[in-house]
Amino acid sequence: MKLFAVPKMAISLPLAVLAAAILIFINESTFQQSTAAAANIEEAQQTRGAISKLVQEMLDAETGQRGYLLTGDPRYLEPYKIATSDISQNLNVLSRLFTPYKDQLAEFGVLSQHVARKLAEMDLSVRMRKQGNEDAWKFVLTTDVGKEQMDAIREYSTKLAASSISKMELGQVQIKKTLQLSRIGIAVVALAGLLAFYMYLLQAEALLASGQREQETLQRERDLLESQVRERTAALAKLATHLQNVREDERGHLARELHDELGALLTAAKLDVARLKSRLTGSLPEAIERLEHLTKTLNSGIALARRIVEDLRPSSLSHLGLSASLEILAREFEEQSGLSIATDLEPVELGGAAQLTVYRLIQESLTNIGKYAKASQAEISLHDFEGYITVEVKDNGQGFNLNTVGPTSHGLAGMRHRVEAAGGNLTVTSVEGSGSQILAVLPKTL
Ligand SMILES: Nc1ncnc2c1ncn2[C@@H]1O[C@H](COP(=O)(O)OP(=O)(O)OP(=O)(O)O)[C@@H](O)[C@H]1O
Ligand SMILES: [Mg+2]
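On a predicted model such as this, the values are computed, not experimentally measured, just so you know.

> Explain the overall build of the protein here, please?
Assigned secondary structure in the protein consists of ten helices and five strands. Since a compact globule built from 446 residues should have a radius of gyration of about 22 Å, the 65 Å found for the protein marks it as more spread out than a globular shape. By its C-alpha atoms, the protein is 210 × 45 × 45 Å across when sized along the principal axes. Here the protein holds 446 residues, and 33% of them are scored as buried. Across the protein, the fraction of contacts at a sequence separation of at least 24, relative to all contacts at a separation of at least 6, is 74%. Of the roughly 27800 Å² of accessible surface on the protein, a fraction of 59% belongs to carbon and sulfur atoms. Distance between charge centroids for the protein: 6 Å, based on 48 positive and 54 negative side chains.

See the structure below:
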């Protein structure tokens, strides 16, 4: 899909840029052409106007001349003079306008000659009339020279005006052409723009789809990883539970061996010593003294063995129940540590494994208090509710930051594991300077 998206992405932008460039080019060139055509039209109109003005001025001059000749009234000379001066100006304008066009310049030259001749003829007759040379100016008037010149002027003026009109028409055609070109160009460019936009949309859609697919793939991989982590964690938790059970079983086995074998041996030895001692009564005081010492040593051995056995597997749990065992544990700890331990222990009915969990939890909590808390008081409570029990150990020590507990510390982690393996929940709360609290909620399992 990416392979498909790349060429589109590569085409749509250059296509849009090309369309914009073409649009600018078309716009610019049609503007230039239209401006040139409009300038041509304007020039042709100017030329046409100047030509018709020339004809009109010639007629005005002729009318003034005739009026003066016929009446001798000098007022007629005024329009004649104005017209003749305008004519020379107009000729200058026309000569400037025709200069770039050789063909028309030649025709304009002929026209100028006829105008000059007609002006000369009129000037001559006016001068003669002024001098009172009646016959002469009448002669001039009656000849066809003036009419011929005037006809020639009209003919050439019409020709030049026609060429101006065709020039104007050419300009109009040119403007139409450029407009048509611009129309087609803009339509083509607009289509190209639309095509580029369509491609852009396709590309955006493809990108979106590929992004979604990538997201889905990532999510799938994440889910897979999460489920793998969950599986591994569950397997590790199972293994840890198994190891803990194995450890407890081993400890139980060892406790039984020590109790049954070593305990029996030591007790038998103690009985033998007592028998020997009764036989030696009154004689060999040194031997009796030795036997008494041996009895003491045996008693210490028996007490040590009992302590080790008790530590390995608290027999009090099965003999006295959980609350009593915890009470003993608390009192022993109080003695060893010098701390004051308050207890609030309700009798609870729990299975052996759950009892051991509670016992070990309190044992580890007390060990931690002894090691780190610097507390003066601690409190152990055990409460019975319907379906569950709560166990709580609190101290008034220095507390600790839960986030700084290192990975090599196993006490709290082991507690949590035991409680969770038994289907319960453990909460550790500690505020630095204000002591710590460990609370476990355990379902009642028999
Ligand atoms: N009651 C407490 N008061 C103050 N600090 C405590 C208390 N209980 C635990 N801690 C702190 O929490 C840390 C973690 O305790 P945890 O029992 O998990 O490990 P540990 O006692 O250091 O080592 P382990 O129990 O594995 O021999 C301790 O090192 C100690 O700093
Ligand atoms: Mg510990």
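Now that the structure has been shown, the text picks up again.
> When you look at the site of ligand 1 in this model, what are you seeing that I'm missing?
In the vicinity of ligand 1 there are 15 residues, among which Asn-368, Tyr-372, Asp-395, His-410 and Leu-412 approach most closely. The separation between an oxygen atom of ligand 1 and a polar main-chain atom of His-410 is 2.8 Å. The contact in question runs from an oxygen atom of ligand 1 to an N or O atom on the backbone of Leu-412, over 2.8 Å. When atoms are counted within 2 Å of each cavity's grid points, the one that captures over half of ligand 1 is the largest pocket. Secondary-structure elements contributing two or more residues to the shell around ligand 1 are helix H9 (352–373) and helix H10 (411–421). The leading source of residues in the shell around ligand 1 is H9, at six residues.

> Quick question: what am I supposed to make of the coordination of the magnesium ion (ligand 2) here?
All of the protein donors around the magnesium ion (ligand 2) are Glu-364 (OE) and Asn-368 (OD1); their distances to the metal are 2.1 to 2.2 Å. Taken together, the residues Glu-364 and Asn-368, both in helix H9 and four residues apart, mark about one turn of the helix.

> How do you make sense of helix H6 (residues 285–312) when you look at a structure like this?
An α-helix turns once per 3.6 residues; consequently, residues spaced three or four apart project the same way. Relative to the 40 Å expected for 28 residues at 1.5 Å per residue, H6 spans 40 Å between its end C-alpha atoms, a close match to the ideal helical length. Among the residues making up H6, those that are buried are Ile-288, Leu-291, Thr-295, Leu-298, Ile-302, Ala-305, Val-309 and Leu-312. Considering only its buried residues, H6 is in contact with helix H5 (145–279) and H9.

> Mind showing me how you'd approach the layout of surface pockets here?
With a probe scaled to a water molecule rolled over the atoms, the places where space remains empty come into view. Counted as a void, the largest pocket has a volume near 540 Å³. Asn-368, Tyr-372, Phe-400, Val-405 and Leu-412 are, among the 24 residues lining the largest pocket, the residues nearest its centre. Mapped onto the lining of the largest pocket, the elements with two or more residues apiece are H9, strand E3 (388–395), H10 and strand E5 (436–443). Sort the elements by how many residues they give to the lining of the largest pocket and H9 lands first, with seven residues. Per-class residue counts for the lining of the largest pocket are nine nonpolar, eleven polar and four charged.

> Help me out: how do you make sense of helix H3 (residues 102–131) in this one?
With 30 residues, H3 extends 43 Å from end C-alpha to end C-alpha; this agrees with the ideal 44 Å at 1.5 Å per step. Gly-132 sits one or two positions beyond H3 and adopts a positive phi of about 80°.

> Help me out: how do you make sense of the domain arrangement of the protein in this one?
When the parts of a complex come together, some accessible area is lost, and that lost area is often used as the size of the interface. Domain annotation for the protein reports domain 1 (2–209) and domain 2 (319–443). On a C-alpha basis, the centroid separation for the pair domain 1 and domain 2 is 113 Å.

> It is not clear to me how the nonpolar core should be interpreted in this structure. Could you clarify?
When a protein is soluble and globular, its nonpolar side chains tend to lie buried together. Ranked by size, the top nonpolar core spans 35 residues in total, and within it Leu-326, Val-358, Leu-361, Ile-362 and Leu-382 carry the most contacts. Of all the secondary-structure elements, those providing two or more residues to this core are helix H8 (322–337), strand E1 (340–345), H9, strand E2 (377–384), E3, H10, strand E4 (425–430) and E5. With nine residues, the single largest contributor to this core is H9. One finds Ile-51, Ala-83, Met-150 and Tyr-156 within the second-largest nonpolar core, a separate group that totals 24 residues.

> Would you mind going over the pattern of salt bridges with me for this structure?
Two side chains with opposite charge may pair up if their charged atoms get near one another. The final tally for this structure, using the stated rule, is 19 salt bridges. A salt bridge links Arg-127 to Asp-123, with the shortest nitrogen-to-oxygen separation between them at 3.4 Å. Taken together, the residues span about one helical turn, with Arg-127 and Asp-123 both in helix H3 at a distance of four residues. Here Asp-151 ties to Arg-154 by a salt bridge, and the two come within 3.5 Å at their closest N and O atoms. One end of the pair is Asp-151 and the other is Arg-154, both in helix H5 and three residues apart, which spans about a single turn. Residue class for Arg-154 comes out partly exposed when judged on its relative accessible area of 36%. One salt-bridge network, held together by shared partners, links Glu-62, Arg-66, Lys-118 and Glu-121.

> Where do I start with the pairing of E2 in this structure?
Along a regular strand, successive side chains alternate from one face of the sheet to the other. Sheet topology note: the E1/E2 ladder contains six bridges and is parallel. Its bridge partner being in E2, Leu-345 is matched across the sheet by Leu-382. What joins E1 to E2 is H9, and the crossover it makes is left-handed. Here E2 folds back onto E3, and the loop between the two strands holds three residues, one of which, Gly-387, carries a positive phi near 90°.

> Looking at this structure, I do not really get the confidence of the model for the protein. What am I missing?
Detailed reading of the predicted coordinates is not advisable wherever pLDDT is low. Mean pLDDT over the protein works out to 89, with 98% of the residues at or above the 70 mark. Of the regions scoring below 50 in pLDDT, residues 1–6 engages in four contacts with residues more than four places distant in sequence or in other chains.

> It is not clear to me how the packing of aromatic side chains should be interpreted in this structure. Could you clarify?
Each aromatic ring pair is characterised by the separation of its centres together with the angle its planes make. Scanning the model with the defined rule gives three aromatic pairs in all. Between Phe-385 and Tyr-388, the ring centres sit 5.0 Å apart and the planes meet at 15°, which makes this aromatic pair stacked. A relative accessible area of 36% means that Phe-385 is categorised as partly exposed.

Reading the values: the criteria
- Residues numbered from 1 in each chain as written.
- Chains lettered and ligands numbered in written order.
- Predicted model: local features only at pLDDT ≥ 70, side-chain atom pairs only at ≥ 80, totals over all residues.
- Heavy atoms only, no water.
- Helix = DSSP H or I, 4+ residues; strand = E, 2+ residues; numbered from the N terminus.
- Rg over C-alpha atoms; globule rule 2.2 N^0.38 Å.
- Buried < 20%, exposed > 50% of the residue type's maximum accessible area, 1.4 Å probe, protein only.
- Contact = heavy atoms within 4.5 Å.
- Areas by Shrake-Rupley, 256 points an atom, 1.4 Å probe, with all protein chains shown as cover.
- Lys, Arg positive; Asp, Glu negative; His and termini not counted.
- Charge placed at Lys NZ, Arg CZ, Asp CG, Glu CD.
- Near = heavy atom within 4 Å.
- Polar contact = N/O pair within 3.5 Å; in protein donor to acceptor, adjacent residues only side chain to side chain.
- 1 Å grid on protein atoms, 1.4 Å probe; cavity = no way out; pocket = protein on both sides within 12 Å on 5 of 7 lines; lining within 4 Å.
- Sits in = over half its atoms within 2 Å of the grid points.
- Donors = N, O, S within 2.8 Å, 3.2 Å for Na, K, Ca; no water.
- Expected span 1.5 Å × (residues − 1).
- Points joined across faces, edges and corners; volume = space filled by probe spheres on them.
- Nonpolar A, V, L, I, M, F, W, Y, C, P; charged D, E, K, R; others polar.
- Domains from an automatic or database assignment.
- Core = buried A, V, L, I, M, F, W, Y, C linked by side-chain atoms within 4.5 Å.
- Salt bridge = Lys/Arg side-chain N within 4 Å of Asp/Glu carboxyl O.
- Pairing = 2+ DSSP bridges.
- Right-handed = clockwise from strand over helix to strand, strands pointing away.
- pLDDT = per-residue confidence, 0-100.
- Phe/Tyr/Trp six-rings, centres within 6.5 Å; stacked < 30°, edge-to-face > 60°.

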